[in-house]
Amino acid sequence: MQIRLLDVADLKQAKDLANYAFDEKSFADWFFDKYVQPSQLVGNFAEQEQLKCMLCLSPYKLRLGSVELDTEYITTVTTSPDSRGKGYFKPLLKYTFEHLRAKGNSFAILKAIESKLYSPFGFAFCYSHLRYSMQIKELEYFSKDPRLELLSVADYRPYIGRLQALYAELIADRYHAASIRSEQNWLNLLHAHTMDGGHIMLAIHDGKPVGYMLYYLRNNCFEIFEMAATTAAVQAHFLSAAYQHRTQVKNFFWRTFADNTAYLQMNIGQYHDSAYPQLAPFMMVRIVDVRRLLSALTPNNDVSLRLQITDDFLEFNNCTLQITATGKQLTIAHSDSPADVCVDIATLAQLVFGAYSVSELLFDNKIQLYNAACVDALNKLFVKKVNFINEEF
């Protein structure tokens with residue numbers, strides 16, 4: 001068993017493995033030929049350089065509070081059919097975490113097909129979407145705004161700058177821990193979106209774009225991948241446009257921000273569960289360097305807390321830290337004194353990312369309190385936020 005970064009000679013094996021696992025040949029061709037570099041792929045090899053298990057690391061920047069942090073999005077995780085259940089994945093993941101830590105990353109993100117495959121290794125849900133899944137006729141209550149025009153975009157390249165600006169204003173600057181999309185990120189996203197049959201629509205007011213909608217028409221469904229709108233009227237205009245497809249498709253699906261309130265304009269019946277939007281976990285986070293991530297916190301209150309962190313998978317993360325904040329100045333130091341509070345590595349991710357409140361995690365027995373007086377310090381240091389991320393690769 002040998003674990004290493006791939007090189008050019010390994011790409012055919014990697015592509016074949018991805019094609020077997022995901023059955024998306026056109027995407028895999030683009031992904032391996034145009035998108036990914038061999039050094040982004042980590043593989044576990046058996047004898048004679050046979051690739052048995054692999055994953056891909058896609059670099060992103062996220063804004064955590066006021067700090068921009070580099071991270072890696074773990075994707076394309078797969079094992080060859082003759083090697084599943086034989087222990088290739090666990091050492092691959094450990095190597096990857098150590099590699100990321102050495103690079104200076106403090107955490108990685110992952111969209112799990114099944115969360116229980118990854119939670120034993122310290123991954124925790126830190127992002128959720130509000131998902132609308134209903135019949136398209138439920139959108140009849142949304143009205144068009146006569147001041148707006150809709151523009152269907154076939155060639156997206158001339159509009160990249162405007163899409164990037166709208167995303168930055170309406171999503172990245174508004175939501176916590178959002179991905180900061182570069183121009184190249186947008187080019188990659190839209191290439192994959194349109195290659196998969198996706199459509200792009202802009203809302204225009206006085207000649208200026210005021211929103212966009214990325215959507216699909218497939219499987220008898222109008223499926224919104226992402227929408228950004230400057231006002232509720234722009235959002236309603238897009239949803240009314242979706243409703244106009246009711247003779248073409250029967251169903252509607254939309255994953256959006258956790259604080260979205262479009263449902264308040266709908267006819268919500270108490271006995272029609274299919275008409276309710278549902279909050280659904282989406283992206284998981286795994287901390288690979290505790291001290292580096294905690295150093296990115298920007299507290300607004302004075303805090304003194306001894307925090308113990310336990311990590312069953314990465315020994316180097318086990319520690320007790322004295323965290324002291326004076327104004328916006330944060331200091332973190334090793335402590336040999338008894339801890340006030342103890343959390344595991346997964347719960348720490350949820351606290352740092354503001355995915356859940358301290359009271360929610362206490363209720364769920366995710367936080368061990370050795371000093372009950374420190375609840376106030378925890379609440380000052382870790383504040384619940386509304387997170388959003390929508391990346392697929």
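This one's a predicted model, so the numbers in the text were calculated from it and none came from an experiment.

Rules behind the numbers
- Residues numbered from 1 in each chain as written.
- Predicted model: local features only at pLDDT ≥ 70, side-chain atom pairs only at ≥ 80, totals over all residues.
- Heavy atoms only, no water.
- Helix = DSSP H or I, 4+ residues; strand = E, 2+ residues; numbered from the N terminus.
- Expected span 1.5 Å × (residues − 1).
- Buried < 20%, exposed > 50% of the residue type's maximum accessible area, 1.4 Å probe, protein only.
- Contact = heavy atoms within 4.5 Å.
- Pairing = 2+ DSSP bridges.
- Axes fitted to C-alpha atoms, helices over the stretch in contact; angles between N-to-C directions.
- Salt bridge = Lys/Arg side-chain N within 4 Å of Asp/Glu carboxyl O.
- Phe/Tyr/Trp six-rings, centres within 6.5 Å; stacked < 30°, edge-to-face > 60°.
- Lys NZ or Arg CZ within 6 Å of the ring centre and 35° of its normal.
- Parallel < 35°, antiparallel > 145°, perpendicular 65-115°, else oblique.
- Left-handed = near helix turned anticlockwise from the far one by under 90°.
- Nonpolar A, V, L, I, M, F, W, Y, C, P; charged D, E, K, R; others polar.

Turning next to helix H6 (residues 232-243). Here H6 contains 12 residues, and its C-alpha end-to-end distance of 16 Å stays within 8% of the 16 Å for a straight helix at 1.5 Å per residue. Along H6, 10 of the 12 residues are buried, which leaves the element largely enclosed by surrounding structure. Within H6, burial applies to Val234, Gln235, Ala236, His237, Phe238, Leu239, Ser240, Ala241, Ala242 and Tyr243. Residues of H6 that are buried in the fold lie against strand E8 (149-153), strand E10 (199-205), strand E11 (208-218), strand E12 (221-229) and strand E13 (251-256).

This part takes up the sheet that holds E13. Within a sheet, each strand pairs with its neighbour through backbone hydrogen bonds, oriented either parallel or antiparallel. As summarised here, the arrangement of the 7 strands in space is E8-E10-E11-E12-E13-E7-E14, forming an open sheet in which the pairing is mixed. If you trace the sheet from one side to the other, it starts and ends with E8 and strand E14 (278-281), each paired once. Each adjacent strand pair in this sheet contributes to an overall mean axis angle of 30°, direction not counted. Where E11 meets E12, 8 bridges bridge the pair, whose relative direction is antiparallel. Residue Tyr215 lies in a different strand from E12, and its bridge partner there is Ile224. Where helix H4 (residues 160-172) meets the sheet, it contacts E10, E11 and E12, and its direction lies at approximately 95° from that of E11. On the sheet, H6 packs against E8, E10, E11, E12 and E13 and is oriented at approximately 165° with respect to E12.

Our focus in this paragraph is the environment of Thr230. Inspection of the secondary structure assignment puts Thr230 in the loop between E12 and H6. Residues Thr230 and Leu170, spaced 60 residues apart in sequence, show a C-alpha to C-alpha distance of 6.7 Å. Setting aside anything within four residues of it in sequence, one finds Thr230 in contact with Leu166, Leu170 and Val210.

Tallying each qualifying case throughout the model produces 25 salt bridges. Between Glu49 and Arg4 there is a salt bridge, with its nearest N and O atoms 2.3 Å apart. Highlighted residues: Glu49 in the loop between strand E2 (41-45) and strand E3 (51-64) and Arg4 in strand E1 (residues 2-5), separated in sequence by 45 residues. On the basis of relative accessible area, Glu49 is assigned to the partly exposed category, the value being 35%. Of the charged contacts in the structure, one is a salt bridge between Arg101 and Asp289, with a shortest N-O distance of 3.8 Å. Here Arg101, found in helix H3 (residues 89-103), pairs with Asp289, found in the loop between strand E15 (284-287) and helix H7 (290-294); they are 188 residues apart in sequence, far enough to count as distant.

As enumerated under the stated definition, the model contains 26 aromatic pairs in all. Their ring planes at 65° and their centres at 4.7 Å tell us that Phe257 and Phe388 sit as a pair that is edge-to-face. Residue Phe257 is located in the loop between E13 and E14, and its partner Phe388 is located in the segment after helix H10 (375-381); the two are separated by 131 residues in the primary sequence. According to the relative accessible area criterion, Phe388 is buried, its value standing at 2%. Aromatic rings pair up to connect Phe27, Trp30, Phe31, Phe32, Tyr35 and Phe393 into one cluster. Lys94 extends its terminal NZ or CZ atom over the ring of Phe313, reaching a point 5.6 Å from the ring centre. Taking NZ or CZ as reference, Arg218 lies 3.8 Å from the ring centre of Tyr216, over its face.

This paragraph deals with the packing of helix H1 (residues 11-22) against helix H2 (residues 25-35). Look at H1 against H2: their axes get within 10 Å of each other, and the N-to-C directions meet at 155°. When the interaxial angle is binned, H1 and H2 end up roughly antiparallel. Here H1 and H2 pass one another in a crossing that is right-handed. Side by side, H1 and H2 meet where Leu11, Ala14, Lys15, Ala18 and Asn19 of the first sit next to Lys25, Ala28, Asp29, Phe32 and Asp33 of the second. Considered class by class, the residues forming the contact of H1 with H2 number 5 nonpolar, 1 polar and 4 charged.

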